[in-house]
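# Observations on the model geometry
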Amino acid sequence: MPHHDSPVPSPHDADWWRQAVVYQVYPRSFADSDGDGIGDIPGVTSRLPYLADLGVDAVWLSPFYPSQLADGGYDVDDYRDVDPRLGTLDDFDAMVAEAERLGLKIMVDIVPNHSSDQHVWFREALAAAPGSAARERYVFRDGRGEDGELPPTDWPSSFGGPAWTRVPDGQWYLHLYAPEQPDFNWDNPEVREDFHDTLRFWSDRGVAGFRVDVAHGLSKDLRAPLRDLGDQRSYQPAALPVDGSHPLWDRDAVHEIYRGWRQVFDAYDPPRFAVAEAWVRASRRAAYASATGLGQAFNFDFLGAPLAAAGMYATIDSALADARRTGATSTWVLSNHDVVRHVSRYALPGDSTKHDIEAWLLTDGRDPVPDLPAGVRRARAAALLMLALPGSAYVYQGEELGLPEVADLDREDLRDPMWVRSGGRVKGRDGCRVPLPWAGEGTSFGFGPGGSWLPQPADWGRYAAEVQRGDEESFLELYREALRLRRTLVTDEELEWIGSREQTRQGLLHFSRTGCWHVVSNFSGEALPLPQGEVLLSSGPLTGDELPPWTTAWLRTGTVSGR
Ligand code: GLC
């Protein structure tokens, strides 16, 4: 049975993703069926009815493939299997069948930039001689210096340290992430063919789409001699060259790879969908989202934007303009498995930079003291804004419960390679990956019948799904109601800005969709006048005809005026 009242989308609807709400599952932290402390595929299946009831359209699973977990599963040993700790391919098929029964689509994460060092190809490469075909699937080079004792270039790993590791015969291999994540050589047709097979493997199993990890990194300038990066070493998307001339990131040639993928996707009915994780300049994002490419690209500007009306206006407006140019829709993301949860980000001073947030984590979340009630209020207001925007909203597991970051994990519990590789300068991403609370009390708060691979805070139970369900003021019910209304309110992809620039300066963000659905956010510390209309939903209590600070309301109104 479908889980919503509106007409059932046709299974052949090629556009299902355009305004979908996609829920990100980080499988090891979602639900554990067998008590080993690690979330698994049968755990996901058992909670699909919860996700259908929440009202999402699709579920994206972060990697569940066999992995030694050097990078939380983004180090893949085998692209066409399930990690035995997480289940089997039969479990995967059962999950897809249950999702289909509930009217949910399944998306999987594809990690094409690098495999793990346990992948059969990398083991073959290590066993083979320099210059062999086995080594040509990765990037092996001789070092510099008299005995080749220096890395071939100055390229840095994104997790700290050099991007090169030396093997016993003296050659070096490239890894833009951890040493356990050797980069593929995408100039090699064998690599291209193999990934086509992987995409078909999951598409044949009923997967509706793919999230493409590090989509902007596959193509590298590997012509001899390799170029040093010099002053381009520090990676800033906004500082990447506009002409695609960086030796490593966002090169034009990467799009040729995705044109090949598009042919694979289009051989299915409906065509398979893909969204690129591409940390690139905003102006170059469109190429990843084109209809001959992956189809959609994550827009992380929204995630990074401070919660202020003028900044949000600019971010949203330019994302929508981008989407219009490509024919894709935009994406909206507040949290994912790589960033500090937004309840906690919004509980810090409004001008906190990424660097400030990292520094705060190093103090175990003590300095500055987060204003959690303010963070909650802002996160609720941001959620109602996000869920009203044209395009796809990506909701990270636990966001609908209002989970804060677990900032005080003990150093010895940390698993993120960033912690060790940065020499303790970056605490890493474990704090947003703590297993979910499903029940108010009991073993691992209902995560599973055993413990949990990362320790849960003692008060985790107060956020539990079971505790929040039915409580009208809870985060969970706000998301449920917003998603229920969204199904009837969203009919087209248009947005019209309302209100003057002066109002925006005061902190009011106001737009309408389909003419009569108005969305107003007050991103200021003062109450502002509430436009007239029937209140459909609000992120916090409304007082008379005022929109209190840090509140978003959805209104139905007849009046429409241009900006
Ligand atoms: C992406 C993933 C991140 C991972 C990295 C390397 O950015 O989201 O979790 O560490 O790629 O695969």
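### So, the overall build of the protein chain
Secondary structure assignment for the protein chain yields 15 helices and 18 strands. Here the protein chain has a C-alpha radius of gyration of 23 Å; the compact-globule value for 563 residues is 24 Å, and the two agree. In terms of overall dimensions, the protein chain has C-alpha extents of about 75 × 50 × 50 Å along its principal axes. Across the 563 residues in the protein chain, those meeting the buried criterion constitute 59%.

### Quick word on the packing of helix α11 (residues 372-386) against helix α14 (residues 475-489)
Their axes nearest at 10 Å, the elements α11 and α14 cross at an angle of 10°. The pairing of α11 with α14 is recorded here as roughly parallel in orientation. Like other packed secondary-structure pairs, α11 and α14 cross with a definite hand, here right-handed. Facing α11, whose interface residues are Val376, Ala379, Arg380, Ala383, Leu384 and Met386, α14 presents Phe475, Leu478, Tyr479, Ala482 and Arg486. Its residues assigned to classes, the contact of α11 with α14 shows nine nonpolar, no polar and two charged.

### Thoughts on the sheet that holds strand β13 (residues 508-513)
Ordered in space as β12-β13-β14-β18-β16, the five strands form an open sheet in which the pairing is antiparallel. Either end of the sheet is taken by a strand with one partner, and the two such strands are β12 (496-497) and β16 (534-538). Strands in contact with helix α8 (residues 309-326) are β12 and β13; relative to β13, the strand with the most contacts, it is inclined by about 35°. Relative to the sheet, α14 contacts β14 (517-522), β16 and β18 (551-556), its axis offset from that of β16 by approximately 130°.

### A short note on the pairing of β13
The buried count for β13 comes to six of six residues, which makes it a mostly enclosed element. Pairing between β13 and β14: six bridges, direction antiparallel. Bridge pairing in β14 places Ser512 opposite His518. Counting the residues in the hairpin turn of β13 and β14 gives three residues, including Thr514, whose phi is positive at 45°.

### Structural notes on the packing of helix α1 (residues 41-54) against α14
Across the interface, α1 lies against α14 with an axial gap of 8 Å and an inter-helix angle of 60°. Looking at the two axes, α1 sits oblique to α14. For the pair formed by α1 and α14, the contact residues are Tyr50, Asp53 and Leu54 on the first element and Leu476, Tyr479, Arg480 and Leu483 on the second. Across the contact of α1 with α14, the residue classes tally to five nonpolar, no polar and two charged.

### Describing the sheet that holds strand β10 (residues 331-333)
Reading across the sheet, the eight strands line up as β9-β8-β7-β3-β2-β1-β11-β10 and stay open at both edges, with parallel pairing between neighbours. Because the sheet does not close on itself, it has two edges, and the strands there are β9 (295-297) and β10. Neighbour to neighbour, the strand axes of the sheet diverge by 25° on average, direction disregarded. Looking at chain direction, strand β7 (residues 209-212) and strand β8 (residues 273-276) are connected through four bridges and run parallel. Bridge pairing links Val212 to Ala276 in β8. Where helix α4 (residues 189-204) meets the sheet, it contacts β3 (105-110) and β7, and its direction lies at approximately 160° from that of β3.

Thresholds applied
Residues numbered from 1 in each chain as written. Predicted model: local features only at pLDDT ≥ 70, side-chain atom pairs only at ≥ 80, totals over all residues. Heavy atoms only, no water. Helix = DSSP H or I, 4+ residues; strand = E, 2+ residues; numbered from the N terminus. Rg over C-alpha atoms; globule rule 2.2 N^0.38 Å. Buried < 20%, exposed > 50% of the residue type's maximum accessible area, 1.4 Å probe, protein only. Axes fitted to C-alpha atoms, helices over the stretch in contact; angles between N-to-C directions. Parallel < 35°, antiparallel > 145°, perpendicular 65-115°, else oblique. Left-handed = near helix turned anticlockwise from the far one by under 90°. Contact = heavy atoms within 4.5 Å. Nonpolar A, V, L, I, M, F, W, Y, C, P; charged D, E, K, R; others polar. Pairing = 2+ DSSP bridges.

By themselves, these figures tell us nothing about what the structure is for.
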